[in-house]
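# Structural characterization, general
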Amino acid sequence: MAVEWLETTIGELIAKQGGSVKTGPFGTTLKASEYSTEGVPLISVREVGYGTFRLDESTPFVPRTVTERLPEYILRTGDIVFGRKGAVDRSARINEEQDGWFLGSDGIRLRLPKTCDSSFVAYQVRNLATRSWLIQHATGTTMPSLNQGVIQRIPIILPPLAEQRAIAYILGTLDDKIELNRRTNETLEEMARAIFKSWFVDFDPVRAKIEGRDPVLPKHIADLFPNRFEDSELGKIPVEWESGIFGEVAKHLRRTIKPEKIEPSQAYIGLDHMPRKSIALGEWESAEVLGSNKYEFRLKEILFGKLRPYFHKVGIASLDGVCSTDILVVAPEEPEWFGFVLGHISSSEFVDYTNASSTGTKMPRTNWKDMSSFDLVIPPVEVARLYTDLVRPLTDRIVANIHESNSLSALRDTLLPKLLSGEIRVQEAEEVVEAELLVKKRV
């Protein structure tokens, strides 16, 4: 470490140079009745990820009347938000597009002085050493919690401002590629869903033929679709297609494994690792401290979160591993039905069905018996095979992007402590990053 680098704490930095730490408003200040579906997002621990914010349809909003009444909780560009309860090692920085979001009660906001680069500090507080420090110093026994005092005691290292910005730029280059991969995966998934809905839900090629329109498909694909409907138990369906249930084309793989048989190095996926409404499963941890039976899964098999199915946690396994028994491992009965099975099990209609048939009030669960009874229209195997041939390259690319992003994330997390310790200099790190991105581009 260079001699001009400052070893300090968040609290000392704020006391000498400005800034603040603030806990979100509690129920007496902001009532749940003031939440809305319009306005700006309310950011609490559930929305805070590792360096990113995770918003979905259940994220509450607050209207302008609230932000005008409580302006001190408005988040500004450069603010770093921590989860206050539970996942205390998660934090993320507000960027320009997120300026104006609102701090929730289970969040803590750190606003830094202008004498330091907030991106640099954001990287530092979410590296492995600081995350471990936060877990160790969190208060509470059943539910770990942070408070302003803990945040202020976080140790940080501050090089001169120019070097902070240079380090943040280098690490940001890796994050930019990770974000590009994430958006690419979203696009790939949207493409697969659009084709699935057109072929197997709306029957667009059949309707086009009936109406004398061009199906806008290559001839060898268009020829697989009939030119009329027929009556069935499920209403009008393409002729020579069949009414059926999900269990005819999919199976639940019950590979139970005892904890003593699980290798510590194996990947473990719990419900918390699974994103909502995304088949890209990019998070897992090592299976070092598992104390109960799990299910084994294999690369490219489908995982379905059966606990509180309305959370819509369904995805493709990016590697071999084990998962919680609150996750069902599903595969097609035959390989050619992979795309068809994936399209149905990840659809809102399927998730809504499992939610409606689930049992339990506080912690509803679905089960394979009910899932397998989901009604669907089964196409000829040639159509299913063709769709799988189309969707396989998309899902393979999604999995490849996940592994590339994890590799870039590991490089980022490796570079930061080496830069802070002086083991490598900024120019060396820049060369490493450029070389890594060049290799990824060629691949």
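Please refer to the structure higher up on the page.
One numbering rule holds for all chains: residues counted from 1, following each sequence as written. Totals for whole chains, interfaces and linings use every residue, but because this is a predicted model, local features are given only for residues with pLDDT of at least 70 and side-chain atom pairs only at 80 or more, for both listing and counting. Computation of side-chain values: all heavy atoms of the structure, hydrogens and water removed.

### Focus on the side chain of His312
Helix and strand assignments come from DSSP, with helices taken as H or I runs of at least 4 residues and strands as E runs of at least 2, each series counted from the N terminus. Checked against the element boundaries, His312 lands in the loop between β18 (302-305) and β19 (314-316). The contact criterion used throughout is that any non-hydrogen atoms of two residues lie within 4.5 Å. Beyond its immediate stretch of four places on either side in the chain, His312 contacts Pro275, Arg276, Lys277, Ser346, Ser347, Ser348 and Val351.

### Digging into helix α6 (residues 161-201)
To estimate the expected span of a helix, subtract one from its residue number and multiply by 1.5 Å. Compared with the 60 Å implied by 1.5 Å per residue over 41 residues, the 56 Å span of α6 between its first and last C-alpha is a close match. The positive-phi residue at the C-terminal boundary of α6 is Phe203, with phi of around 55°.

### Describing the pattern of salt bridges
Any carboxyl oxygen of Asp or Glu that lies within 4 Å of a side-chain nitrogen of Lys or Arg is treated as forming a salt bridge with it. Summed over all chains, the structure comprises 24 salt bridges. The salt bridge involving Asp175 is made with Arg412; its shortest N-O contact spans 2.6 Å. Here Asp175 is found in helix α6, whereas its partner Arg412 is found in helix α12 (residues 381-421), with 237 residues between them in sequence. Per residue, the accessibility class of Asp175 equals that of Arg412, and both read buried. Glu404 is paired through a salt bridge with Lys177; the nearest N and O atoms lie 3.4 Å apart. One end of the pair, Glu404, is in helix α12; the other, Lys177, is in helix α6, and 227 residues separate them in sequence. Note on classification: 1.4 Å probe, protein chains only; a residue is buried when its accessible area is under 20% of the maximum for its type, exposed when over 50%, partly exposed between these limits. Accessibility expressed as a relative area gives 14% for Glu404, which makes it buried.

### Thoughts on the layout of surface pockets
Only protein atoms enter the 1 Å grid, on which a cavity is a set of points fitting a 1.4 Å probe that cannot get out and a pocket is an open set with protein on both sides within 12 Å along at least 5 of 7 lines, lining residues being those with an atom within 4 Å of a point. Grid points are joined across faces, edges and corners, and a volume is the space filled by probe spheres set on the points. Its volume calculated, the second largest pocket comes out at about 270 Å³. Along its surface, the second largest pocket is lined by Arg76, Thr77, Gly78, Asp79, Arg111, Leu112, Pro113, Lys114, Cys116, Asp117, Ser118 and Arg165.

### Observations concerning the sheet that holds strand β8 (residues 107-111)
One requirement defines pairing of two strands: DSSP has to find at least two bridges between them. If you trace the four strands from one edge of the open sheet to the other, you get β2-β8-β5-β6, paired in antiparallel fashion. Because the sheet does not close on itself, it has two edges, and the strands there are β2 (20-23) and β6 (91-93). Neighbour to neighbour, the strand axes of the sheet diverge by 20° on average, direction disregarded. Fitted lines through C-alpha atoms give the axes, limited to the stretch in contact for helices. The angle between two N-to-C directions lies from 0 to 180 degrees.

### Comments concerning the pairing of β2
Taking every second residue as pointing to the same face, the buried face of β2 carries Val21 and Thr23, while none of Ser20 and Lys22 on the other face is buried. Relative to β8, β2 runs antiparallel, the two sharing four bridges. Within β8, the residue paired with Lys22 across the bridge is Arg109.

### Regarding the environment of Glu233
Counting through the fold element by element, Glu233 comes out in the loop between β10 (229-230) and β11 (237-238). Residue Glu233 is classed as exposed on the basis of its relative accessible area, which comes to 77%.

### Some words on a negative patch on the surface
Each patch is built from residues that are more than 30% exposed by relative accessible area and take part in no salt bridge. Like charges join if they lie within 9 Å; nonpolar side chains (Val, Leu, Ile, Met, Phe, Trp, Tyr) join within 5 Å. Accessibility throughout is a Shrake-Rupley quantity obtained with a 1.4 Å probe, and a residue counts as covered only by protein chains that appear here. Within this scheme the basic residues Lys and Arg register as positive and the acidic residues Asp and Glu register as negative, but His and the chain ends are omitted. Charged side chains are reduced to one point each, which is NZ for Lys, CZ for Arg, CG for Asp and CD for Glu. Together, Glu428, Glu430, Glu431 and Glu434 line one region of the surface with negative charge. In this fold, Glu428 is placed in helix α13 (residues 426-442). Overall, the relative accessible area of 39% leaves Glu428 in the partly exposed class.

### Concerning the sheet that holds strand β13 (residues 250-252)
Read from one edge to the other, the open sheet built from four strands follows the order β13-β21-β18-β19, with strand pairing classed as antiparallel. Whereas interior strands pair on both sides, the edge strands pair on one side only; in this sheet they are β13 and β19. Recorded for the sheet is a direction-independent mean angle of 30° between the axes of neighbouring strands. Summarising the sheet, β18 and β19 pair through three bridges and their orientation is antiparallel. Considered in β19, the bridge of Ile302 is made with Ile316. Across the sheet, helix α9 (residues 338-345) is in contact with β13, β18, β19 and β21 (327-332); its angle to β18 comes to roughly 15°.

### A few points about the packing of aromatic side chains
Note on aromatic pairs: the rings of Phe, Tyr and Trp (six-membered ring only in Trp) are paired at centre separations within 6.5 Å, and the planes decide the class, stacked below 30 degrees, edge-to-face beyond 60, tilted for the rest. Tallying each qualifying case throughout the model produces 21 aromatic pairs. Linked through ring pairs, Phe196, Trp199, Phe200, Phe203, Phe225, Phe229, Trp241, Trp337, Phe340 and Tyr387 together constitute an aromatic cluster.

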